[in-house]
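Structural description and commentary
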Amino acid sequence: MTDLTWGLWELLLKGLWLTVQLTVFSALLGAAVAFVVGVARTHRLRSVRVVSGAYMEIFRGTSALVLMFWIFFVLPVGFGWQLMPMWAAILALGLSYGAYGSEIVRGAIAAVAPAQQEAGIALSFSPWQRLTKIVLPQAWPEMIPPANNLLIELLKGTALVSIMGVADITFGASLVRNATGQSAPVYTIILVMYFVLAFTLTRGMRVLERHAKAGIGQAPAAKSGGLRRTARVPRQAEAPRDVPTTGGAS
Amino acid sequence: MTWDWNAVSEFLPRLWDGVLLTLQALVLGSLIAFALGLVWALAQRSSLKAVSWPVTAVTEFIRNTPLLVQLFFLYFVMPEWGITLTALAAGVVGLGLHYSTYTAEVYRAGIDGVPAGQWEACTALSLPRSRTWSAVILPQAIRRVVPALGNYIIAMLKDSPMIAIIGALEMLGQARQFSAETFQPTEPITVIGVVFILIAYPASLLMRALERRLVR
């Protein structure tokens, strides 16, 4: 630890800031993709559903790292598009994690009671009004807990960009490792940094969930468990729900 | 956009080697993840705080930090402590350890899902603890979580290219090497992207079918 001078710490802290930026921007892109694709998968036109389903299967089916290599090395050679490394990284992360997110959006929309949709039709709301005024406000709180897990996966995924020379925490760590010749201290430090980031994200999402649930008049979820509940749902149909999702889960 | 089929056919033998190494890493990694995950899940349920608390802390830590950094840790730090691992070994251990923290949660959900009456019946029949677990609880819990475990194998498949970064020549490693030698990155990287989908998509269909059969 003694070898870590202020200059080296600065490298790590700059990397930390870049990781935060990467996470925020790719989460925004990912959320946009997730909403568009997720809503498109419930569209009444079959062709729209097929196209959005294909997008989801393709981007979920391949590895985020391979997609990143493709955007960094194949796009410039094959199509002549050279993106700034930072934006290429955001594009790769946003597109692939957006595909996972679309499944969360679709699931939450499907979980809204059909009678709500029917009430909207009966009151002659347009499809867009039904979506934005009836379905999404009710689906939104359902999305937050799985979105939190996905956000943590995205944060972990940002470490991949260091391979492409984007100066995030992991990239800073390899520079420090080369400078000091020691691996143990610096890798321990950055693991702790990632953990603190993940912890902060989880806390933030908990607050968001409480607000969202209060917004539609639901009490914040009582911590699952309690005899009554297990007695009523003995088969535990919801078992996978509190399992953290990752890359290819379901 | 130029596409050179010759490059594809030259890459195919290496691709095959890469697929084999990926599958090898995947099988060994899953074995570690499944075994270790069960150990974590049981330890987290322990009534001894001295056991359950550290295990929970460690698994939370591993689950919330990037696999890539953990691989670097295994590959670069362990030699400083006198344990030198090959790239493949470090990769397999890293994948297995990382995913064991996910499978632990899966097992936990499965065990929690066993109806309370099953526990009470074991008490009523005064089965010893070992029999309770091995003959009553775990068979029911594991049957229910098989599809979820399978989904984590697919997730692991998609994280497996990371072991190429520490030097294991799985699919991505082969593609990188090939493109470094021939300056043709387009074909190998596109081909392995497609191969990933070709493996992952049928596998995820299989898991959905299993889920319908086993989880009712």
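An unreviewed UniProt entry annotates chain B as Amino acid ABC transporter permease originating from Streptomyces nanshensis. Word for word, the UniProt comment on chain B under Sequence similarities (unreviewed entry) is "Belongs to the binding-protein-dependent transport system permease family."

Under the annotation held in an unreviewed UniProt entry, chain A carries the name Amino acid ABC transporter permease and is attributed to Streptomyces nanshensis. Chain A has a UniProt comment under Subcellular location (unreviewed entry) that states "Cell membrane". In its Sequence similarities (unreviewed entry) section, UniProt records this for chain A: "Belongs to the binding-protein-dependent transport system permease family."

**Quick look at the overall build of chain A**
From N to C terminus, chain A includes nine helices and zero strands. Ordered by position from the N terminus, the helices and strands of chain A form the series α-α-α-α-α-α-α-α-α. Burial status across chain A gives 40% buried among its 250 residues. Counting only contacts in chain A whose residues sit at least 6 apart along the sequence, the fraction spanning at least 24 positions is 78%.

**What about the UniProt feature "domain: ABC transmembrane type-1" (unreviewed entry) in chain A?**
In the numbering adopted here, UniProt assigns the feature "domain: ABC transmembrane type-1" (unreviewed entry) to residues 16-202 of chain A. Secondary structure content for residues 16-202 of chain A is 82% helix and 0% strand, while the C-alpha to C-alpha distance between its ends is 18 Å.

**Things to note about the UniProt feature "domain: ABC transmembrane type-1" (unreviewed entry) in chain B**
In this structure's numbering, the residues bearing the UniProt feature "domain: ABC transmembrane type-1" (unreviewed entry) are residues 15-207 of chain B. Along residues 15-207 of chain B one finds 85% helix and 0% strand; the C-alpha atoms at either end are 26 Å apart.

**What to know about the nonpolar core**
With 108 residues, the main nonpolar core has Met68(A), Ala89(A), Ala92(A), Ile190(A), Tyr194(A), Leu68(B) and Leu71(B) as its most contacted residues. Of all the elements, helix 4 (residues 85-110) of chain A adds the most residues to this core, at 13 residues. Here Leu71(B) is in contact with Ala90(B), Gly91(B), Gly94(B), Met162(B), Ile163(B) and Ile166(B), once residues within four sequence places are set aside.

**Section: the confidence of the model for chain B**
When pLDDT is averaged across chain B, the result is 89; 99% of the residues are at 70 or more. Interface scoring of the predicted complex returns ipTM 0.85; its pTM is 0.84.

**A short note on the packing of helix 4 of chain A against helix 6 (residues 127-157) of chain A**
All names here are of chain A. One way to put it is that helix 4 packs onto helix 6 with a least axis distance of 8 Å and a crossing angle of 150°. Here helix 4 is positioned roughly antiparallel relative to helix 6, judged by the angle of their axes. Where helix 4 crosses over helix 6, the two elements pack in a sense that is right-handed. Touching Leu93, Tyr97, Tyr100, Gly101, Ile104, Val105, Ala108 and Ile109 of helix 4 are Val135, Ala139, Glu142, Met143, Pro146, Ala147, Leu150, Glu153, Leu154 and Gly157, all from helix 6. Considered class by class, the residues forming the contact of helix 4 with helix 6 number 14 nonpolar, two polar and two charged.

**Points about the environment of Leu127(B)**
Residue and element names in this part refer to chain B. Topologically, Leu127 is positioned in the loop between helix 5 (116-124) and helix 6 (129-159). Take Leu127: there are 15 C-beta atoms within 10 Å of it, and that puts it in the partly exposed class. Not counting residues up to four positions away in its chain, the partners in contact with Leu127 are Cys122 and Thr132.

**Observations regarding the packing of helix 4 (residues 87-112) of chain B against helix 6 of chain B**
Residue and element names in this part refer to chain B. Running from N to C, helix 4 and helix 6 cross one another at 150°; their axes reach a closest spacing of 8 Å. Relative to helix 6, the crossing made by helix 4 is right-handed. Taking contact as the criterion, the partners of Leu95, Tyr99, Tyr102, Thr103, Val106, Tyr107, Ala109, Gly110 and Ile111 in helix 4 are, on helix 6, Ile137, Ala141, Ile142, Arg144, Val145, Ala148, Leu149, Tyr152, Met156 and Asp159. By residue class, the composition of the contact of helix 4 with helix 6 is 15 nonpolar, two polar and two charged.

**A look at unusual backbone geometry**
Most peptide bonds take the trans form, and the phi angle of most residues other than glycine is negative. Residue and element names in this part refer to chain B. Although it is not a glycine, Ser126 adopts a positive phi angle of roughly 40°. With respect to the secondary-structure elements, Ser126 resides in the loop between helix 5 and helix 6. Of note, the phi angle at Phe183 is positive, near 55°, even though the residue is not glycine. Relative to the helices and strands, Phe183 resides in the loop between helix 8 (171-182) and helix 9 (186-214).

**A short note on the UniProt feature "transmembrane region" (unreviewed entry) in chain A**
Within this numbering scheme, the UniProt entry marks residues 16-37, 58-77 and 184-201 of chain A as carrying the feature "transmembrane region" (unreviewed entry). For the annotated span residues 184-201 of chain A, helix accounts for 100% and strand for 0% of the residues, and the straight-line distance between the end C-alpha atoms is 26 Å.

**Quick word on the interface of chain A and chain B**
Contacts between chain A and chain B engage 44 residues on the former and 47 residues on the latter. Of all the elements in the fold, those that place two or more residues in the side of chain A that touches chain B are helix 2 (46-61), helix 3 (64-79), helix 6, helix 7 (169-180), helix 8 (184-215) and helix 9 (227-232) of chain A. No other element matches the 10 residues that helix 3 of chain A contributes to the side of chain A that touches chain B. Grouping the amino acids of the side of chain A that touches chain B by side-chain chemistry returns 28 nonpolar, 12 polar and four charged.

**A few points about helix 3 of chain A**
What sets the pattern is the α-helix's 3.6 residues per turn: residues three or four places apart point alike. Phe73(A) marks the point of greatest bend in helix 3 of chain A, at about 35°, and the proline Pro76(A) comes within the next four residues. Turning to helix 3 of chain A, its buried residues number three or more, namely Ala64(A), Leu65(A), Val66(A), Leu67(A), Met68(A), Phe69(A), Ile71(A), Phe72(A) and Val74(A). Here the buried face of helix 3 of chain A lies against helix 4 and helix 6 of chain A together with helix 7 (162-165), helix 8 and helix 9 of chain B. Note on helix 3 of chain A: the residue one or two positions beyond its end, Gly80(A), has a positive phi of about 75°.

Reading the values: the criteria
- Residues numbered from 1 in each chain as written.
- Chains lettered and ligands numbered in written order.
- Predicted model: local features only at pLDDT ≥ 70, side-chain atom pairs only at ≥ 80, totals over all residues.
- UniProt positions renumbered as here; feature names shortened; annotations may be inferred.
- Helix = DSSP H or I, 4+ residues; strand = E, 2+ residues; numbered from the N terminus.
- Buried ≥ 20, exposed ≤ 12 C-beta atoms within 10 Å, placed from the backbone.
- Contact = placed C-beta atoms within 7 Å.
- Core = buried A, V, L, I, M, F, W, Y, C linked by C-beta atoms within 7 Å.
- pLDDT = per-residue confidence, 0-100.
- Axes fitted to C-alpha atoms, helices over the stretch in contact; angles between N-to-C directions.
- Parallel < 35°, antiparallel > 145°, perpendicular 65-115°, else oblique.
- Left-handed = near helix turned anticlockwise from the far one by under 90°.
- Nonpolar A, V, L, I, M, F, W, Y, C, P; charged D, E, K, R; others polar.
- Bend = angle between axes of the 7 residues up to and from the residue.

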